[in-house]
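A closer look at the structure
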Amino acid sequence: MEIIPVAELKIGMFIVEPDCPWTDFPFALQGFIISSPDQVDLFRQKCRFVQIDRTRSLNEHYAAPKSRLDRPLKSAPLVQKPADEEQSAARRRPLFSAEQVERQQRRRRFLDFLHGQEGDAHVQSLSRELSYVEPRYDALLQSLQKTFQHVTAEKHFDFANVREGVRDVAGSLQRNPDAVMWLLRLKSLDDYSFDHAMDVTVHALLLGGHIGWRGQRLLELGIAGLLQDVGKTQVPPELLAKTDALNDDERHLIQSHVASSLEILMQQVNLPAEVLQIVSRHHERWDGSGYPQGLALEKIGLAAEIAGLVDSFCAMLRNKPYRDAIGHQQALEELFKLRDRQFNPVLMEQFVQCVGLYPVGTLVELNSGDVGVVIQQNRVQRSRPRILLMLDADKVPVRSYQVVDLRDPERTSVRIVRALPNDAYGLSAHDYYLG
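Before going into details, it helps to say that this report is about the structure given with it.

**Details of the sheet that holds strand β7 (residues 386-391)**
- Here we have 5 strands laid out as an open sheet, ordered β8-β7-β6-β5-β9, and antiparallel in their pairing. One side of each edge strand has no neighbouring strand; the edge strands of this open sheet are β8 (403-405) and β9 (416-420). Between one strand axis and the next, the sheet turns through 40 degrees on average, direction left out of account.
- Where strand β5 (residues 363-366) lies against strand β6 (residues 371-376), 3 bridges are found, and the strand directions are antiparallel. The residue bridging E365 from the neighbouring strand is V371, located in β6.

As structure tokens, this is what we get:
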């Protein structure tokens, strides 16, 4: 950390703390990157000194962390060191299968490809944001892993690290949501509990920001999304893995994870009451058909409605023991059928607008017959994103990265025919990142 006079404050610096109260400012987040001259002027009007963090700053204002553990990009496996002899023996076994290692290598190559792209301001902005947020995203994922491990061992977890990680992701989503959405796909641990928690957090922050939430309210929503299912650690794993229909006793036992989550979270110090309320109500439904209290309509609370909506959406995108994952558009269609029944119709409309037609990572087929994956959205013309080709018109895999930007004038005749499920033409989510 470094304290500087406001006269030296520049665009690209990360503000940690001013020498006057944050309440004197209209900013959404407490701690962010200066991005405009107006923000610089406001700090110069309100205070004399500010504390900045060079490791979070951009461009010429960036300075690498002194500790090797804090260096960005090349991430270490997120594994808690075991303590006893049995765990030590387990540690000596391979942490990942050969297939998982190759998958992570493909993802890493693709992430490096995104970093190295040259082009318009949007591409450059994506690369800068990836450089900034990737180590912070890794830190949040590591904090989430440790949280689940501590909960399982009935220990307290470090809520401060969780809060700061969610704050970093929220800020990044405001600046460049595509960067976070890529990390969501490329940093998957292939473990439902962790991946789903990150999915819910990011989509909750995305929707909350879309409807205008900022600051503490948005931060609490993201924290709740990350922690709302910690109580499932108390549910027998064989029950969560069951493939056939549940009986009443089994259903009630699974639903008890809400009470278990609250019991765990209420033991934590400084956890906001709003987070607990969101967790307690994220399975309530608009028509009163949810649990545990059967609340309906506005009694649920908008934050809990958001948490419940994105929880349902994200669950549809991942394989579960009793059903296969479905694609982005199909998941939206399924949820849209439930508007004005299980979900607030106005909120549902906003969610569709928020996530868009073809978010990054969506597999699409062009009228040329080529198949590719969306690597960047077009905020003005959502139907004309930037696409990385994967299969040619004959459905033969391409040998190297080839980017098609549907915004280019010479591409006016090219259009997306349809979005595809992840396994279309023998592809899968893990095969997107070739090279």
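**Considering the nonpolar core**
- Ranked by size, the top nonpolar core spans 87 residues in total, and within it L114, L226 and F351 carry the most contacts.
- The greatest single-element share of this core, amounting to 10 residues, is contributed by helix α4 (residues 121-152).
- Those residues in contact with L226 that sit more than four places away from it in its chain are L140, L144, V162, V166, A197, M198 and T201.
- Counting residues in hydrophobic clusters, the runner-up holds 16 residues, among them I15, F32, I34 and I52.

**Focus on the environment of I3**
- Relative to the helices and strands, I3 resides in strand β1 (residues 2-5).
- As a C-alpha pair, I3 and V16 span 13 residues in sequence and 9.5 Å in three-dimensional space.
- Not counting residues up to four positions away in its chain, the partners in contact with I3 are F49, V50 and Q51.

**Details of the packing of aromatic side chains**
- As enumerated under the stated definition, the model contains 4 aromatic pairs in all.
- Ring centres of F14 and Y132 lie 6.4 Å apart, and the angle between their planes is 25 degrees; this geometry places the pair in the stacked category. Taken as a pair, F14 in strand β2 (residues 14-18) and Y132 in helix α4 lie far apart in primary sequence, 118 residues in all. Here the two residues F14 and Y132 agree in accessibility, since each one is buried.
- The lysine or arginine in question, K395, covers the ring of Y425, its NZ or CZ lying 5.0 Å from the ring centre.

**Describing unusual backbone geometry**
- Cis geometry marks the peptide bond from Y291 to P292; its omega dihedral reads 10 degrees.
- Relative to the assigned elements, P292 resides in the loop between α12 (273-281) and α13 (302-316).
- If you check the backbone angles, L297 has positive phi at about 50 degrees while not being a glycine.
- One can find L297 in the loop between α12 and α13.
- Although it is not a glycine, K395 adopts a positive phi angle of roughly 65 degrees.
- As for its position among the elements, K395 is in the loop between β7 and β8.

Cut-offs and rules
Residues numbered from 1 in each chain as written. Predicted model: local features only at pLDDT ≥ 70, side-chain atom pairs only at ≥ 80, totals over all residues. Heavy atoms only, no water. Pairing = 2+ DSSP bridges. Helix = DSSP H or I, 4+ residues; strand = E, 2+ residues; numbered from the N terminus. Axes fitted to C-alpha atoms, helices over the stretch in contact; angles between N-to-C directions. Core = buried A, V, L, I, M, F, W, Y, C linked by side-chain atoms within 4.5 Å. Buried < 20%, exposed > 50% of the residue type's maximum accessible area, 1.4 Å probe, protein only. Contact = heavy atoms within 4.5 Å. Phe/Tyr/Trp six-rings, centres within 6.5 Å; stacked < 30°, edge-to-face > 60°. Lys NZ or Arg CZ within 6 Å of the ring centre and 35° of its normal.

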